[in-house]
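Spelled out, the chains give:
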Amino acid sequence: MKEINLLLMGDSAVGKTSLLNRLFDDTFETNNLKTIQPITKSKYFVKYDKKINYIDTPANLINVKKKILNADVYFLVYDVTNQKTIDNLESYIKQIYESNDNPNLYIIGNKNENMDDIVKAHDIANKYDAKYFTISSKTRSGINELFSSLIIKSN
Ligand SMILES: Nc1nc2c(ncn2[C@@H]2O[C@H](COP(=O)(O)OP(=O)(O)O)[C@@H](O)[C@H]2O)c(=O)[nH]1
Ligand SMILES: [Mg+2]
């Protein structure tokens, strides 16, 4: 069995907890409890013989142990309706680089329901050689593609 340690980072309320609920439980709620400290959960996928250990975090990972920052895969989540949440991505990426000089980064724009006026993060994804997805945890848009990439390509 292969284990993948997945760490989520990103501003408060971009939908990190919602994305995990959607990816691993296929549920969605409109009022998640605020995440106040890192929470680790695991899910085993028989079909792929892979176990994902995923860590949900509050917005600022200040004083978080290196052990937590050193993951196999990083989901950097932003809100496609809020440019500020893209502007903050680099501060999370810098924290990651303190523990990992070749991180497997995913930049994920959540809340992508209304295709017209979304903010895009191609530039920063290119700059850091990150995989880039836009999704909606609410409608499931883009979730299968993201899941496949995580489970198949993240070795
Ligand atoms: N419209 C919409 N709202 C979402 C989506 N994902 C999360 N939310 C809402 O955004 C709020 C914050 O989500 P949450 O997962 O707690 O964000 P977190 O602080 O990053 O963990 C909640 O009210 C969610 O219901 C989405 O894809 N679309
Ligand atoms: Mg949360």
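In every chain, residue numbers begin from 1 and rise along the written sequence. Here every chain gets a letter starting at A, and every ligand a number starting at 1, in the order they are written. Only residues with pLDDT of at least 70 are given local features in this predicted model, and only at 80 or more are side-chain atom pairs given and counted; all residues enter the totals for whole chains, interfaces and linings.

Re the overall build of the protein chain
Here is step 1: On a plain count of helices and strands, the protein chain comes out with six helices and six strands.
Here is step 2: Walking the protein chain from its N terminus toward its C terminus, one meets helices and strands in the order β-α-β-β-α-β-α-α-β-α-β-α.
Here is step 3: Radius of gyration means the value over C-alpha atoms here, while the globule rule gives 2.2 Å times the residue count to the 0.38 power. For 155 residues, the compact-globule formula gives about 15 Å, and the C-alpha radius of gyration of the protein chain, at 14 Å, lands near that figure.
Here is step 4: Taken along the three principal axes of its C-alpha coordinates, the protein chain extends 40 × 35 × 30 Å.
Here is step 5: Every C-beta atom is placed from the backbone, and the number of other C-beta atoms within 10 Å of a residue's own sets its class: buried at 20 or more, exposed at 12 or fewer, partly exposed in between. Buried positions account for 34% of the 155 residues belonging to the protein chain.
Here is step 6: Distance between backbone-placed C-beta atoms decides contact: two residues are in contact if it is within 7 Å. Long-range contacts, defined as pairs at least 24 residues apart, comprise 68% of the intrachain contacts of the protein chain with a sequence gap of at least 6. Segments assigned H or I by DSSP are reported as helices when at least four residues long, segments assigned E as strands when at least two residues long, and all are numbered from the N terminus.

Focus on the site of ligand 1
Here is step 1: Taken together, 17 residues lie near ligand 1, and Gly 15, Lys 16, Thr 17, Ser 18 and Lys 138 sit nearest.
Here is step 2: It is helix H1 (residues 16-25) that provides the largest number of residues to the shell around ligand 1, a total of three residues.
Here is step 3: Polar here means any residue other than Ala, Val, Leu, Ile, Met, Phe, Trp, Tyr, Cys and Pro, which are nonpolar, and Asp, Glu, Lys and Arg, which are charged; Gly is therefore polar. For the shell around ligand 1, the residue count by class is two nonpolar, eleven polar and four charged. We call a residue near a molecule or strand when the C-beta position, derived from backbone atoms, sits within 6 Å of it.

Observations concerning the sheet that holds strand E3 (residues 50-56)
Here is step 1: Paired strands are those between which DSSP finds at least two bridges. The strand order E2-E3-E1-E4-E5-E6 describes an open sheet built from six strands, whose pairing is mixed. Two strands in the sheet have a free side with no partner beyond their single neighbour: strand E2 (39-45) and strand E6 (131-134). Taking the axes of each pair of neighbouring strands and ignoring which way they run, one obtains an average angle of 20 degrees across the sheet.
Here is step 2: Across four bridges, the pairing between strand E1 (residues 2-9) and strand E4 (residues 73-79) is parallel. Paired with Met 9 across the strands is Leu 76, a residue of E4.
Here is step 3: Of the strands in this sheet, E1, E4 and strand E5 (105-110) touch helix H4 (residues 89-99), which is tilted by about 165 degrees from E4.
Here is step 4: Lines fitted to C-alpha atoms define the axes here, with helix axes fitted over just the stretch in contact, and angles between the N-to-C directions of these axes take values from 0 to 180 degrees. Against the sheet, helix H6 (residues 143-153) contacts E2, E3, E4, E5 and E6, and its axis sits at roughly 155 degrees relative to E6.

Topic: H4
Here is step 1: Of all the residues in H4, the buried ones are Leu 89, Tyr 92 and Ile 96. The buried residues of H4 all sit within an arc of 70 degrees when viewed along its axis, so they share a single face. Across H4 from its buried face, at more than 90 degrees, point the exposed residues Ser 91, Lys 94 and Glu 98.
Here is step 2: In the core, the buried residues of H4 are packed alongside E1, helix H2 (66-69), E4, helix H3 (84-87), E5 and helix H5 (122-127). Note: the arc covers the axis-to-C-beta directions of the helix.

A short note on the nonpolar core
Here is step 1: Think of a nonpolar core as buried Ala, Val, Leu, Ile, Met, Phe, Trp, Tyr and Cys residues chained together by C-beta atoms that fall within 7 Å. If you look at the biggest cluster of nonpolar residues, it comprises 33 residues, and the most contacted ones within it are Tyr 74, Leu 76, Tyr 106 and Ile 107.
Here is step 2: Broken down by secondary-structure element, the contributors of at least two residues to this core are E1, H1, E3, E4, H4 and E5.
Here is step 3: Residue contributions to this core peak at six residues, all from E4.
Here is step 4: Beyond its immediate chain neighbours, meaning those up to four positions away, Leu 76 contacts Met 9, Gly 10, Leu 89, Tyr 92, Ile 93, Leu 105, Tyr 106, Ile 107 and Ile 108.

Remarks on the environment of Phe 45
Here is step 1: Structurally, Phe 45 can be placed in strand E2.
Here is step 2: For Phe 45, a count of 14 C-beta atoms within 10 Å translates into the label partly exposed.
Here is step 3: Those residues in contact with Phe 45, other than ones at most four positions away along the chain, are Lys 50 and Ile 151.

As for the environment of Leu 8
Here is step 1: Inspection of the secondary structure assignment puts Leu 8 in strand E1.
Here is step 2: Considered as a pair, Leu 8 and Leu 76 are 68 residues apart in the sequence and their alpha carbons are 6.0 Å apart.

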